Amino acid sequence: MKSLIIGGGGFVGPYLIKHLRDDLGQEVCVTKMAHETIPEDALTPRAAGVAPTKVYDLNILKKEEIEDLFKEVRPDRVFHLAAQSSVAVAWKNPSMTIEVNIVGAVNVLDAVRDFLPEAKVLLIGSCEEYGHIHEDEAHIAEDTTLRPGNIYAATKACQNMFGSIYAEAYHLNVVMTRSFNHIGPNQLPQFVVADFCKQVAEIEAMAEKGETDLPSIRVGNLLAQRDFLDVRDVVRAYAMVIEKGQPGETYNVGRGKAVAIQDILKTILKEAKVTIAVEKDPEKFRPVDIPLFEADASKLKETTGWEPQIPLEQTIAETVEYWRKRTD
């Protein structure tokens, strides 16, 4: 079995590489953008005698590059992770987000249609696609009406539609996810849990140097509730749904229980070695913020047998420790 991960230079890619190769025994190839790097520990197999992961530079906006890669690698499975995935960045640069998330995805689908019609393909979407949910829709199933509330969400909803259409019209084995908030070590601090953990580590480092005038941790909307899941549970779900999911179908990937950002913050502050005050920062508030996202993941569980395994407290503790090791 050979798997190709498109967009492995981000947060999820290294975890997916290790899971497919080291846990499932697959041959893995991965793409990244030219300026990106993938951690060496993700590319080096745990066991002796296993081939290292091959890495290719790829721009998904250049269809000919995708075609050349497919002809060379000939994967059995294609995981399409490449995206502009920040809501904040999407507000600032809509056109780039639209181009990467829609045109890039269609380029991949076209290349699959032309060169890998038998391959299984997974398109990664987002819970943001559901957008402005109603009060009676708090536990969100896949058939909940999509009402995207931001630019990023709209592009992911569009990608999902194309995936469904290509599966039906061209008889491709394309499945999709709507993934809820996934967290863990190595996530960029533009995402809330990584941001809070990084700030805590920096304030601790200041205290260790003897500074007494410590800053507050700066936060945005603490009332929003999100369904947080460890990234290692997420990649297990991806590997299972690409094998057992039905072509053209979408699967929520989430824990199934929303947690308020203020409760996440409390858990993070419990990990801190010093007392840290909290201060609201207007710059950290989104132009539009949806109050509640909670996954109904029963379709995923019934189809694949997947269940989350890693407690939220463990993920937070490991993420704080990750930032401590990277803070002077």
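Scroll up for the structure.
Residues numbered from 1 in each chain as written. Predicted model: local features only at pLDDT ≥ 70, side-chain atom pairs only at ≥ 80, totals over all residues. Heavy atoms only, no water.

Some points on the overall build of the protein
Note the following rule: Only DSSP runs of H or I with at least four residues qualify as helices, and only runs of E with at least two residues qualify as strands; both kinds are numbered from the N terminus onward. Radius of gyration means the value over C-alpha atoms here, while the globule rule gives 2.2 Å times the residue count to the 0.38 power. A simple rule labels every residue: compare its accessible area, found with a 1.4 Å probe on the protein chains alone, to the largest value its type can have, and call it buried under 20%, exposed over 50%, or partly exposed in between. Two residues form a contact once any of their heavy atoms are found within 4.5 Å. For every accessible area listed, the method is Shrake-Rupley and the probe measures 1.4 Å; residues are considered covered only by the protein chains on display.
The helix and strand inventory of the protein stands at eleven helices and 15 strands. At 20 Å, the protein has a C-alpha radius of gyration in line with the 20 Å of a compact globule built from 328 residues. Its C-alpha atoms put the protein at 60 × 50 × 40 Å along the principal axes. Across the 328 residues that make up the protein, the buried fraction comes to 52%. Within the protein, residue pairs in contact and separated by at least 24 positions form 80% of the contacts whose partners lie at least 6 positions apart. Only carbon and sulfur atoms are counted for the fraction: they give 50% of the accessible area of the protein, which is about 14700 Å².

What about the packing of aromatic side chains?
Under the convention used in this document: Paired rings are identified among Phe, Tyr and Trp, the last through its six-membered ring, by centres lying within 6.5 Å, and are further divided according to the angle between planes into stacked (under 30 degrees), edge-to-face (over 60) and tilted (the rest). For a ring to carry a charge above it, either NZ of a lysine or CZ of an arginine must fall within 6 Å of the ring centroid while also lying within 35 degrees of the normal to the ring plane.
What the rule picks out here adds up to four aromatic pairs. The side chain of Arg 113 reaches across the aromatic face of Tyr 170, ending 4.6 Å from its centre. Positioned above the aromatic ring of Tyr 251 is the side chain of Lys 299, whose terminal nitrogen or guanidinium carbon lies 4.8 Å from the ring centre.

Here we look at the sheet that holds strand E12 (residues 250–253)
Hydrogen bonding along the main chain pairs the strands of a sheet, whether they run parallel or antiparallel. For the record, the criterion: For two strands to count as paired, DSSP must find a minimum of two bridges between them. For helices, the fitted line uses only the C-alpha atoms of the stretch in contact; every axis is such a line through C-alpha atoms, and the angle between N-to-C directions lies from 0 to 180 degrees.
Spatially, the seven strands line up as an open sheet ordered E3-E2-E1-E4-E5-E7-E12, and their pairing is parallel. Every other strand in the sheet has two partners, leaving strand E3 (54–57) and E12 as the edge strands with one partner each. The mean angle between the axes of side-by-side strands here comes to 20 degrees, regardless of whether they run parallel or antiparallel. Pairing between strand E7 (residues 173–179) and E12: four bridges, direction parallel. Among the inter-strand pairings, Met 176 is bridged to a residue of E12, identified as Thr 250.

What to know about the environment of Lys 92
The topology assignment puts Lys 92 in helix H4 (residues 87–92). Sequence separation between Lys 92 and Thr 319 is 227 residues, and the spatial gap between their C-alpha atoms is 28 Å.

Describing the side chain of Asn 252
Filter applied, for reference: Two N or O atoms count as a polar contact when they lie within 3.5 Å, although within protein this holds only if one can serve as hydrogen donor and the other as acceptor, and sequence-adjacent residues are included solely when both atoms are side-chain atoms.
Structurally, the position occupied by Asn 252 is in strand E12. Judged by relative accessible area, Asn 252 falls into the buried class, the value being 0%. One polar contact links Asn 252 to Tyr 130, side chain to side chain, over a distance of 2.7 Å.

Considering the layout of surface pockets
Condition: Throughout, the protein atoms alone are placed on a 1 Å grid, and a set of points is a cavity if a 1.4 Å probe fits but cannot get out or a pocket if it is open with protein on both sides within 12 Å along at least five of seven lines; lining residues have an atom within 4 Å of a point. Grid points are joined across faces, edges and corners, and a volume is the space filled by probe spheres set on the points. Three classes are used, and their members are as follows: Ala, Val, Leu, Ile, Met, Phe, Trp, Tyr, Cys and Pro are nonpolar, Asp, Glu, Lys and Arg are charged, and the others, Gly among them, are polar.
Computed from the structure, the second largest pocket encloses a volume of approximately 260 Å³. For the second largest pocket, the lining is made up of 13 residues, of which Tyr 15, Pro 185, Asn 186, Tyr 322 and Arg 326 are closest to its centre. Breaking the lining of the second largest pocket down by element, the ones donating at least two residues are helix H1 (12–23), helix H2 (40–43) and helix H11 (312–325). Residues belonging to the lining of the second largest pocket are distributed by class as follows: six nonpolar, one polar and six charged.

Looking at the pairing of strand E1 (residues 2–6)
Each regular strand carries side chains that alternate between the two faces of the sheet. Where we set the bar: Note on handedness: a clockwise path from strand one over the helix to strand two, with the strands aimed away from the viewer, defines a right-handed crossover.
Most of E1 is tucked away: five of the five residues are buried. Burial along E1 is two-sided: Lys 2, Leu 4 and Ile 6 facing one way and Ser 3 and Ile 5 facing the other are all buried. As paired elements, E1 and strand E2 (residues 27–32) share four bridges and run parallel to each other. Bridge pairing in E2 links Ser 3 to Val 28. One crossover worth recording links E1 to the parallel E2 by way of H1, and it is right-handed. Summarising the sheet, E1 and strand E4 (residues 77–80) pair through four bridges and their orientation is parallel. Within E4, the residue paired with Ser 3 across the bridge is Arg 77.

Notes on the state of the cysteines
Cut-off, in case you're wondering: In this description, the term disulfide denotes a pair of cysteine sulfurs within 2.5 Å.
Applying the stated criterion across every chain, the model contains zero disulfides. Unpaired in terms of disulfides, Cys 197 finds its nearest cysteine sulfur in Cys 127, a separation of 19 Å.

Side note on the environment of Tyr 130
On the secondary structure map, Tyr 130 appears in the loop between strand E5 (120–126) and strand E6 (139–140). Classification of Tyr 130 by relative accessible area gives buried; the value is 0%. Residues Tyr 130 and Phe 293, 163 residues apart in the sequence, show an inter-C-alpha distance of 8.6 Å. The residues contacting Tyr 130, other than those within four sequence positions of it, are Ile 140, Ala 141, Glu 142, Thr 144, Thr 145, Leu 146, Arg 147, Arg 178, Phe 180, Asn 252 and Phe 293.

Worth remembering: the numbers are spatial, not functional.
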